[in-house]
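# Fold and geometry: a report
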Amino acid sequence: MQKMGKRFIDDLSLPDVPEEFQKTLEDFSEMYMLYDCAIREVNTKLENLNQELKFKKDRNPIQYINHRLKSPQSILKKLQMNHLSMDYKTIWNEITDIAGVRVICSYIDDIYAIAEMLIKQDDVALLKRKDYIKNPKESGYRSLHLIIETPVFLSDKKQLVKVEVQIRTIAMDFWASLEHQLRYKTNVDVPASIREQLRNSADSIYRTDQEMQNIYQEIRRMEEKE
Ligand code: 0O2
């Protein structure tokens, strides 16, 4: 883990990095170790839920789980955008998405069911919930975001660590991944007409998600009558 933090830090090309942030970087290895442990804790919780539901209901509501640690470059960008100071304490308290877990579900209802099961666990505290499914972003982006805090048990103490959990369907993820690539991999200012096309495509994907959910429920009802 020391290595993972170090790799990230070595990757940072330093000329434009403020001195205050460079100093804070020295403490990043330990911070990344904690976030990495927290990701594993949350991952295990989600995998266990999926396993139990497979056993009880004979289906997996979670298709797959991804995770990532936010790079120092992205942390710096966020601090600068939000006019935050660059000390360790500010990063620890204010940047809530350094540890990120993305859960890809089969159906819209699975998203809410998994979220409820996760935040009901007594060692999980919900700090923030943003429902971009009920209230999609201007871009068309849909996903349920939870900022949770979970304990990491170390050799001599228990440390609470924040993790951002993004939960969405396969279809929402398909759109978000391509839109992310299109937006970040281009130098051009995306015109309003293309932004509208992207929004329309997100809306149409959402309608398909709703149709698939309805079909699934209908088949379930038919099975129950058998
Ligand atoms: P990455 O590489 O995915 O981490 P906050 O201060 O945290 O409350 P913030 O940071 O604006 O406010 O959080 P928000 O908007 O709730 O969630 C940010 C993350 O959601 C992004 O992380 C993306 O992962 C995802 N996201 C939000 N809007 C969009 C969008 O329009 N398109 C796509 N594809 N993803 C989106 P990062 O840090 O941008 O990047």
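Residues numbered from 1 in each chain as written. Predicted model: local features only at pLDDT ≥ 70, side-chain atom pairs only at ≥ 80, totals over all residues. Heavy atoms only, no water.

### So, empty space enclosed by the protein
- Under the criterion given, the structure shown has one cavity of 30 Å³ or more.
- Residue lining of the largest cavity: Gly140, Arg142, Met172, Trp175, Ala202, Ile205, Tyr206 and Asp209, and that is the complete set.
- If you list the elements that add at least two residues to the lining of the largest cavity, you get α7 (170–184) and α8 (192–225).
- Here the lining of the largest cavity takes four residues from α8, the largest share from any one element. (1 Å grid on protein atoms, 1.4 Å probe; cavity = no way out; pocket = protein on both sides within 12 Å on 5 of 7 lines; lining within 4 Å. Points joined across faces, edges and corners; volume = space filled by probe spheres on them. Helix = DSSP H or I, 4+ residues; strand = E, 2+ residues; numbered from the N terminus.)

### Some details on the site of the ligand
- Taken together, 18 residues sit near the ligand, with Arg68, Lys78, Lys130, Lys137 and Ser139 positioned nearest.
- A distance of 2.7 Å separates an oxygen atom of the ligand from a polar side-chain atom of Lys78.
- A distance of 3.2 Å is found between an oxygen atom of the ligand and a side-chain nitrogen or oxygen belonging to Lys128.
- Alone, the ligand offers 760 Å² of accessible surface; in the complex the protein occludes 73% of this.
- Breaking the shell around the ligand down by element, the ones donating at least two residues are β3 (125–131) and α7.
- Among the residues making up the shell around the ligand, the classes are represented as four nonpolar, four polar and 10 charged. (Near = heavy atom within 4 Å. Polar contact = N/O pair within 3.5 Å; in protein donor to acceptor, adjacent residues only side chain to side chain. Areas by Shrake-Rupley, 256 points an atom, 1.4 Å probe, with all protein chains shown as cover. Nonpolar A, V, L, I, M, F, W, Y, C, P; charged D, E, K, R; others polar.)

### A look at helix α6 (residues 108–120)
- Given a rise of 1.5 Å per residue, 13 residues ought to cover 18 Å, and the 19 Å separating the end C-alpha atoms of α6 matches this to within 8%.
- Taken together, the buried positions of α6 are occupied by Ile108, Asp110, Ile111, Tyr112, Ile114, Ala115, Leu118 and Ile119. (Expected span 1.5 Å × (residues − 1). Buried < 20%, exposed > 50% of the residue type's maximum accessible area, 1.4 Å probe, protein only.)

### Notes on the layout of surface pockets
- The computed volume of the largest pocket comes to approximately 1500 Å³.
- Around the largest pocket, the lining comprises 42 residues; the ones closest to its centre are Lys70, Asp97, Gln166, His180 and Tyr184.
- Elements with a minimum of two residues in the lining of the largest pocket: β1 (62–69), α4 (72–81), β2 (99–105), β3, β4 (144–153), β5 (158–169), α7 and α8.
- Tallying contributions element by element places α7 first for the lining of the largest pocket, with eight residues.
- Residues belonging to the lining of the largest pocket are distributed by class as follows: 12 nonpolar, 12 polar and 18 charged.
- By volume, the second largest pocket is sized at about 260 Å³.
- In this structure, the second largest pocket is lined by Leu53, Lys57, Arg59, Pro61, Asp110, Ala113, Ile114, Met117, Tyr216, Gln217, Arg220 and Glu224.
- Looking at the lining of the second largest pocket, the elements with two or more residues in it are α3 (28–57), α6 and α8.
- Along the lines of polarity and charge, the residues of the lining of the second largest pocket split into six nonpolar, one polar and five charged.

### What about the packing of aromatic side chains?
- Inspection of every chain in the model, using the stated rule, returns six aromatic pairs.
- A ring pair is formed by Phe21 and Phe28, whose centres lie 5.8 Å apart and whose planes are at 80°; its orientation type is edge-to-face. With respect to burial, Phe21 and Phe28 carry one shared label: buried.
- The interplanar angle of 5° and the centroid separation of 6.5 Å between the aromatic rings of Tyr88 and Trp92 together place this pair among those described as stacked. Of the two residues, Tyr88 and Trp92 both sit in helix α5 (residues 88–94), four residues apart, roughly one turn of that helix.
- Tyr88 sits in the partly exposed class, given a relative accessible area of 27%.
- Residue classification places Trp92 among the buried residues on the basis of a relative accessible area of 14%. (Phe/Tyr/Trp six-rings, centres within 6.5 Å; stacked < 30°, edge-to-face > 60°.)

Don't take any of this as a statement about function, it's just geometry.
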